[in-house]
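# A structural walkthrough
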Amino acid sequence: MSTETASQTSRTPAEILKAARQRDSLDKRGRVLKAVQDMLRNDRRITFAAVAREAGVSSWLVYAPGVRERIDQARSRQAAQGHHDEKSGRKLSSASEQTDLLLAREEIKLLRAENTGLRQQAKVHLGQQVEQLGSHDLAKRVDELSEENQRLSAAERQASAENEQLRQRITELEDELTGARTSLRRMIRSQSRA
């Protein structure tokens, strides 16, 4: 068995999941950076939303540290080239920018409406689940939790009592140790005088 295989078999499920998430994150970040490079190469206007769509990732990722800076650099580079592009007629007009802005605002409104609808559906679904449990099931669960609470309280009281006994025993042992040391010193002194 190779060391790589041995290390994989000794990893916990949490470690495996963490590694998978890291690979997924690196893959997504790589797709974002590739999308930025493609957009620069093809003279397409770079915006955070456009990069997210091009890379097929969520919009929060393009604002993440390390990614946002790269996109800002590419946007600055495009803005610097904008003066040259304006002379060649390749720069977007302000009307085009306004249209893009309006489209983005409409998309935001749609996403907000969708978000509101999904939240409402989740509330309804949760309400249905609570209703399905019924009051009998809830009362039974409350009783179970009360019994568990009493059991844990008794265990805590017992542990506190045992803790107090152990502290007293420690004090007794410390006193005995101090006495033994004093006795040993006296014996050493009497031996050294003899």
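My aim in this report is to walk through the structure given alongside it, one point at a time. (Residues numbered from 1 in each chain as written. Predicted model: local features only at pLDDT ≥ 70, side-chain atom pairs only at ≥ 80, totals over all residues. Heavy atoms only, no water.)

Right, let's talk about a positive patch on the surface for a bit. Taken together, the side chains of Arg181, Arg185, Arg186, Arg189 and Arg193 define a basic patch exposed on the protein surface. According to the relative accessible area criterion, Arg181 is partly exposed, its value standing at 48%. (Patch = residues over 30% accessible without salt bridge, like charges linked within 9 Å, V, L, I, M, F, W, Y side chains within 5 Å. Areas by Shrake-Rupley, 256 points an atom, 1.4 Å probe, with all protein chains shown as cover. Salt bridge = Lys/Arg side-chain N within 4 Å of Asp/Glu carboxyl O. Lys, Arg positive; Asp, Glu negative; His and termini not counted. Charge placed at Lys NZ, Arg CZ, Asp CG, Glu CD. Buried < 20%, exposed > 50% of the residue type's maximum accessible area, 1.4 Å probe, protein only.)

A few words on the packing of aromatic side chains. All chains considered together, the criterion is met by one aromatic pair. Measuring from ring centre to ring centre gives 4.4 Å for Phe48 and Tyr63, while their planes differ by 20°; the resulting arrangement is stacked. Here Phe48, found in helix H3 (residues 48-55), pairs with Tyr63, found in the loop between helix H4 (59-62) and helix H5 (68-88); they are 15 residues apart in sequence, far enough to count as distant. Judged by relative accessible area, Phe48 falls into the buried class, the value being 8%. What makes Tyr63 partly exposed here is its relative accessible area of 43%. (Phe/Tyr/Trp six-rings, centres within 6.5 Å; stacked < 30°, edge-to-face > 60°. Helix = DSSP H or I, 4+ residues; strand = E, 2+ residues; numbered from the N terminus.)

This part covers the packing of helix H2 (residues 13-41) against H3. Between two packed helices, the angle of one axis relative to the other and the distance separating the axes together describe the packing. The N-to-C vectors of H2 and H3 enclose an angle of 115°; their axes lie 9 Å apart at closest approach. Looking at the two axes, H2 sits roughly perpendicular to H3. Remark: the crossing between H2 and H3 carries right-handed chirality. Touching Arg31, Val32, Ala35, Val36 and Met39 of H2 are Ala50, Val51, Glu54 and Ala55, all from H3. (Axes fitted to C-alpha atoms, helices over the stretch in contact; angles between N-to-C directions. Parallel < 35°, antiparallel > 145°, perpendicular 65-115°, else oblique. Left-handed = near helix turned anticlockwise from the far one by under 90°. Contact = heavy atoms within 4.5 Å.)

With that settled, the discussion passes to H3. For H3, every residue scored as buried is listed here: Phe48, Ala50, Val51, Ala52 and Ala55. Directly after H3, the chain includes Gly56, whose backbone phi takes a positive value near 70°.

The next subject is unusual backbone geometry. In this structure, Asp43 takes a positive phi of about 55° despite not being glycine. Mapped onto the secondary structure, Asp43 falls in the loop between H2 and H3.

This part takes up H2. Taking 1.5 Å per residue, 29 residues should reach 42 Å; H2 reaches 42 Å between its end C-alpha atoms and fits that length. For H2, the set of buried residues is Ala19, Val32, Ala35, Val36, Asp38, Met39 and Leu40. At the exit of H2 stands Asp43, carrying a positive phi of roughly 55°. (Expected span 1.5 Å × (residues − 1).)

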